Amino acid sequence: MARILLIEDSPTDIAVLTQWLERAGHEVLASTSAEDGIAACKRERPDLVLMDVVLPGMSGFQATRALSRDAETSGIPVVIISTKGMDTDRMWGLRQGAKGYIVKPPREDALLAQISEVLGA
């Protein structure tokens, strides 16, 4: 399956999402800030990034833009997972380079389906 980098500052969300992803056979790496996540993305080369928007310091929108515009990481798809559920938030996230957008709390089946779709699995 895939190596997935989870950039999320909520320990509860990290635990739940990690459990779902590992149960589906994925390997999960986690970072609790956008800055650490960008560094981990460059270092670890995951197959996919799951990005929260509301993070300490740099926002997930800013981090998504940074990853999608950096030649080193532009080939790694980002799926945003956020409590920001308005259409304008979704559109903005996709304009920053995200390949998908899921509103929290996600459903396990919808999350796994989005990951499969983005990875072309």
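A brief structural summary. (Residues numbered from 1 in each chain as written. Predicted model: local features only at pLDDT ≥ 70, side-chain atom pairs only at ≥ 80, totals over all residues. Heavy atoms only, no water.)

## A word on helix α5 (residues 108–119)
Then comes step 1: For α5, spanning 12 residues, the distance from its first C-alpha to its last is 17 Å, which sits close to the expected 16 Å at 1.5 Å a residue.
Then comes step 2: Looking at the buried residues of α5, the elements they touch are β1 (3–7), α1 (11–23), β3 (48–51), β4 (78–82) and β5 (100–103).
Then comes step 3: Of the residues trailing α5, G120 is marked for its positive phi of about 70°. (Helix = DSSP H or I, 4+ residues; strand = E, 2+ residues; numbered from the N terminus. Expected span 1.5 Å × (residues − 1). Contact = heavy atoms within 4.5 Å.)

## Digging into the environment of V28
Then comes step 1: Note on placement: V28 falls in strand β2 (residues 27–31).
Then comes step 2: With sequence-adjacent residues up to four places away left out, V28 is seen in contact with I4, L6, T18, L21 and E22.

## A short note on the packing of helix α2 (residues 34–44) against helix α3 (residues 60–69)
Then comes step 1: Orientation of α2 relative to α3, taken along the N-to-C sense of each, is 20°, at an axis distance of 10 Å. Taken together, α2 and α3 sit at an angle that is classed as roughly parallel. For the pair α2 and α3, the crossing hand works out as right-handed. Residues A34, I38 and C41 of α2 touch α3, and the partners they reach there are A63, A66 and L67.
Then comes step 2: Its residues placed into classes, the contact of α2 with α3 shows six nonpolar, no polar and no charged. (Axes fitted to C-alpha atoms, helices over the stretch in contact; angles between N-to-C directions. Parallel < 35°, antiparallel > 145°, perpendicular 65-115°, else oblique. Left-handed = near helix turned anticlockwise from the far one by under 90°. Nonpolar A, V, L, I, M, F, W, Y, C, P; charged D, E, K, R; others polar.)

## Observations concerning the side chain of S33
Then comes step 1: Along the chain, S33 falls in the loop between β2 and α2.
Then comes step 2: Classification of S33 as buried rests on a relative accessible area of 11%.
Then comes step 3: A distance of 3.1 Å separates the side chain of S33 from the backbone nitrogen of D36, its partner in a polar contact.
Then comes step 4: Those residues within four positions of S33 in sequence are excluded, and the remaining contacts are I7 and P56. (Buried < 20%, exposed > 50% of the residue type's maximum accessible area, 1.4 Å probe, protein only. Polar contact = N/O pair within 3.5 Å; in protein donor to acceptor, adjacent residues only side chain to side chain.)

## Side note on the packing of α3 against helix α4 (residues 87–95)
Then comes step 1: Two numbers describe how α3 lies on α4: the axes approach to 9 Å, and their chain directions differ by 25°. What the angle tells us is that α3 and α4 run roughly parallel. Between α3 and α4, the residues in contact are F61, T64 and R65 and D89, W92 and G93, respectively.
Then comes step 2: Residue composition of the contact of α3 with α4, grouped by class: two nonpolar, two polar and two charged.

## Topic: the pattern of salt bridges
Then comes step 1: Applying the stated criterion across every chain, the model contains 10 salt bridges.
Then comes step 2: Between D52 and K104 there is a salt bridge, with its nearest N and O atoms 3.3 Å apart. A residue pair is termed long-range when its members are at least 10 positions apart, and D52 in the loop between β3 and α3 and K104 in the loop between β5 and α5 qualify at 52 residues.
Then comes step 3: Taking relative accessible area as the criterion, D52 reaches 5% and is therefore assigned buried. (Salt bridge = Lys/Arg side-chain N within 4 Å of Asp/Glu carboxyl O.)

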